[in-house]
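# Reading the structure
Listed below, chain by chain, are the residues.
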Amino acid sequence: MRSARVWDLPTRLFHWSLTLTVIGSVITGQIGGNAMVWHTRLGLVVMTLLAFRLVWGFVGGHWSRFASFCYGPRSVMAYLRGDHGPGGRYDIGHSPVGSLSVWALLALLAAQVATGLVADDEIATTGPLNRFVSGRVANVASAWHEEVGKSLLIVLATVHVAAVLYYLWRKQKNL
């Protein structure tokens, strides 16, 4: 068995920067008050990181490109059945199920950024693009951002970390 370097430096920097920034965003959002200035700043950093990842997903190294972890429903079902088929190697890079986790996290983070940009907590913090939407849209975005989106993000991130630890400890595979 050979070891393969799957993450290039830009992808590693993106991943760990995003991890720290999201943790900071959740914490400052929970604290509220004066910490909301930092929550907004961190949200803009998340937006910038996602924009970088979007570009890097098309022009980055082989394992960083979206094409390397974009699987169709048949591949996902075959993987879940344990049938990796001819040439279906999933021991390097993201598995079909792991890729679903990545896509879900990226989509959810994009939704959190979008709703944060137009949100209004009706106290002291208003998203920078709030003036371009109606009060109803701002209220719906705020509710999603503060309740559903935040909860889903915490759950998905926890499942993501738990899966990585499970593979490391139980299956002796360093993903």
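Below you will find a few notes about this structure. (Residues numbered from 1 in each chain as written. Predicted model: local features only at pLDDT ≥ 70, side-chain atom pairs only at ≥ 80, totals over all residues. Heavy atoms only, no water.)

### A look at the overall build of the chain
In terms of helices and strands, the chain carries five helices and zero strands. The N-to-C order of helical and strand elements in the chain reads α-α-α-α-α. Taken over the C-alpha atoms alone, the chain extends approximately 55 × 35 × 30 Å along its principal axes. Considering only residue pairs separated by 6 or more positions, the chain has 53% of its internal contacts joining residues 24 or more positions apart. If you sum the accessible surface of the chain, you get close to 11500 Å²; carbon and sulfur atoms cover 67% of it. Here the chain carries 15 positive and 8 negative side-chain charges, and the mean point of each set is 15 Å from the other. (Helix = DSSP H or I, 4+ residues; strand = E, 2+ residues; numbered from the N terminus. Contact = heavy atoms within 4.5 Å. Areas by Shrake-Rupley, 256 points an atom, 1.4 Å probe, with all protein chains shown as cover. Lys, Arg positive; Asp, Glu negative; His and termini not counted. Charge placed at Lys NZ, Arg CZ, Asp CG, Glu CD.)

### What about the nonpolar core?
Judged by nonpolar contacts, the single largest core of 16 residues is most densely connected at Leu18, Val22, Val46, Leu50, Leu106, Leu109 and Leu153. Once you skip the residues sitting within four places of it in the chain, Val22 turns out to touch Val46, Leu109 and Leu153. (Core = buried A, V, L, I, M, F, W, Y, C linked by side-chain atoms within 4.5 Å. Buried < 20%, exposed > 50% of the residue type's maximum accessible area, 1.4 Å probe, protein only.)

### Concerning helix α5 (residues 135-169)
Note that an α-helix has 3.6 residues per turn; residues three or four places apart therefore point the same way. With 35 residues, α5 extends 49 Å between its outermost C-alpha atoms, agreeing within 8% with the 51 Å of an ideal straight helix rising 1.5 Å per residue. Of all the bends found along α5, the most pronounced is centred on His145 and spans about 40 degrees. Along α5, the residues classified as buried are Ala138, Ala141, Ser142, His145, Gly149 and Leu153. (Expected span 1.5 Å × (residues − 1). Bend = angle between axes of the 7 residues up to and from the residue.)

### Some remarks on the environment of Val148
Structurally, the position occupied by Val148 is in helix α5. Sequence spacing of Val148 and Gln112 is 36 residues, and the spatial spacing of their C-alpha atoms is 9.7 Å.

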